[in-house]
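Topology and contacts: notes
Given next are the chains, with one letter for each unit.
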Amino acid sequence: MQSDEQKRKRASGIYDEGREAVVNYIVALETKVEILDERVKKLEARLHQDSHNSNLPPSSDGLKHFSKSSRQKSKRLPGGQKGRDGSTLKRTSKPDIIIVHPVDECSHCGCSLEKIKSTHHHTRQVMDIPVMNMTVTEHQAESKSCPHCKETTQAAFPDGVTKAVQYGVNLKAIGVYLMQYQLLSSKRTVEAINDLFKCTVGEGSLFNWTTELSERSEASYNAIKEHVRASPVIHTDETGIACGTQPHWLHVVCTADATFYAAHPKRGSVAMSDIGILPFFKGTAVHDMWASYFTYDCKHCICNAHIIRELTFAFEEYKQRWAQKLKELLLKIHDTVERCRRKGKKALDRRTLRRYEEWYDTLVSKGLRKNPRLRGSPHKRGRVKQSKVRNLLDRLHDHRGSVLAFLYDFGVPFTNNLAERDLRMTKVKLKISGCFRSVTGAEIYCRIRSYLSTARKNSVAAFDAIVNAFQGQPFILKPNYAE
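First things first, this report covers the structure right here in the doc. Being a predicted model, the structure only gives us computed values, none of them experimental.

About the cut-offs
Residues numbered from 1 in each chain as written. Predicted model: local features only at pLDDT ≥ 70, side-chain atom pairs only at ≥ 80, totals over all residues. Heavy atoms only, no water. Helix = DSSP H or I, 4+ residues; strand = E, 2+ residues; numbered from the N terminus. Expected span 1.5 Å × (residues − 1). Buried < 20%, exposed > 50% of the residue type's maximum accessible area, 1.4 Å probe, protein only. Patch = residues over 30% accessible without salt bridge, like charges linked within 9 Å, V, L, I, M, F, W, Y side chains within 5 Å. Areas by Shrake-Rupley, 256 points an atom, 1.4 Å probe, with all protein chains shown as cover. Salt bridge = Lys/Arg side-chain N within 4 Å of Asp/Glu carboxyl O. Lys, Arg positive; Asp, Glu negative; His and termini not counted. Charge placed at Lys NZ, Arg CZ, Asp CG, Glu CD. Contact = heavy atoms within 4.5 Å.

In this section: helix α15 (residues 439-457). Relative to the 27 Å expected for 19 residues at 1.5 Å per residue, α15 spans 27 Å between its end C-alpha atoms, a close match to the ideal helical length. Those residues of α15 not exposed but buried are Ala 442, Ile 444, Tyr 445, Cys 446, Ile 448, Arg 449, Ser 450, Tyr 451, Leu 452, Ser 453, Thr 454 and Ala 455. Immediately beyond the C-terminal end of α15, within one or two residues, lies Ser 459, with a positive phi of roughly 65°.

Here it is in structure tokens:
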């Protein structure tokens, strides 16, 4: 860094060179200040990004636990609402065990009451789980010699009983349930089984059980894929995972009653084509603005939760009022659509549609005028990098039909939250385990998680679904004929 004396000498030298040199020096300084000022704004904007005004996850907020929420304040009071159905613990009319506590003597005079008949019983019920111990069932197949032909005949063992010593279906289901659904690590799953049932199992056994469930749920996995492919509306998203030391992507395609996961080393259209759903899909795909989705010949709906966060960022960091007004407009349209849906309507009238469209176009036009496209230097090749706000405006302008898809079709949701919720447990899995040890492990996880998530969406308990699969009767989703 130059000293003040050096700066004075340099300025004096430029002054002595004449008026033109001074002007050129000032212009150069102003240009440099503009460049640095723009850089400072970009860095400050990046520092101010969190989960409420960008696509960053809440886990990246750090110590900012109380980020602003985009959710509108409700008029309802906190807690249970008046008239709701409660979930109070209820008595049962058929208790499993009845313990009678007799009265031996009068509490007032001490007279013996042992032979006096009771006039009434006051009852209290305690609901608990009995002590869980592993039971061993020995199957003995008889062998008998025929007195007529002298040949020996042995009885058949039940289906599934194939080894001299083996674990039963319920224990295997508990192990897989804890590790694959509740996302315990294999070590903690072993500890839980030992603590609860006094049974020592190895981590290798857990891996064998998950592999077996993956194989037994293959038919269900394929049925889920066909169901999702034929659905009128799907939600799709992806998140980064690690398989060993290699980066991979976990893709999800889901509906309200089905979830399909697939792991792939790529994120874009190569992976989506290999998965084999979007190339054949003809309905409406709800997603973020990832460009690869737009390469497929189907209808598109852009997640407005992403749009609202970016509009919040444009208003808070760059003070652009059109962004706040457009955010309010989208939320207003959403409220209107929800009210109409509750009343049983299928669509808005043409006049209301036109009014919302014109309002939307006006606000986007204001934003485009306020954020003109940056022009490049004729001496530099390639496209000029635009600001975040300008890029957002270009998407809002070019994909208006996809942003407002929920307005035109009441069957299309406002956000892509369904896909993001289905991906959330994968991030929990990665926080616990760090990574998948292999690609095979990731594929097993995708198949089992698809099976269990779909079962839960169809009111089948995850544990019951696991037991049924081990017994050779996995839950199979019925085909979707909506197309």
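Further remarks concern a positive patch on the surface. A contiguous patch of positive charge, built from Lys 332, Arg 339, Arg 342, Lys 343, Lys 345, Arg 351 and Arg 355, is present on the exposed surface. Taken together, the elements giving at least two residues each to the positive patch come down to α9 (321-342) and α10 (350-370). Here the positive patch gets three residues from one element, more than from any other, and that element is α9. For Arg 351, the location among the structural elements is in helix α10. Owing to a relative accessible area of 74%, Arg 351 belongs among the exposed residues under this scheme.

Time to look at unusual backbone geometry. One non-glycine residue, Lys 150, adopts positive backbone phi at about 70°. Residue placement: Lys 150 occurs in the loop between β1 (143-145) and β2 (152-154). For Lys 150, a relative accessible area of 61% puts it in the exposed group. Of note, Ser 459 is a non-glycine position whose phi angle comes to about 65°, a positive value. Within the element layout of this structure, Ser 459 appears in the loop between α15 and α16 (462-470). Note on Ser 459: relative accessible area 70%, which makes it exposed.

It is worth spelling out the environment of Met 127 at this point. Here Met 127 is to be found in the loop between α2 (19-47) and β1. Excluding anything up to four places from it in sequence, Met 127 contacts Leu 89, Lys 90, Arg 91 and Thr 92.

Before going further, it helps to spend a moment on a nonpolar patch on the surface. Together, Ile 129, Met 132 and Leu 196 make up a nonpolar patch on the protein surface, roughly 280 Å² of accessible area in all. Within the secondary structure layout, Met 132 lies in the loop between α2 and β1.

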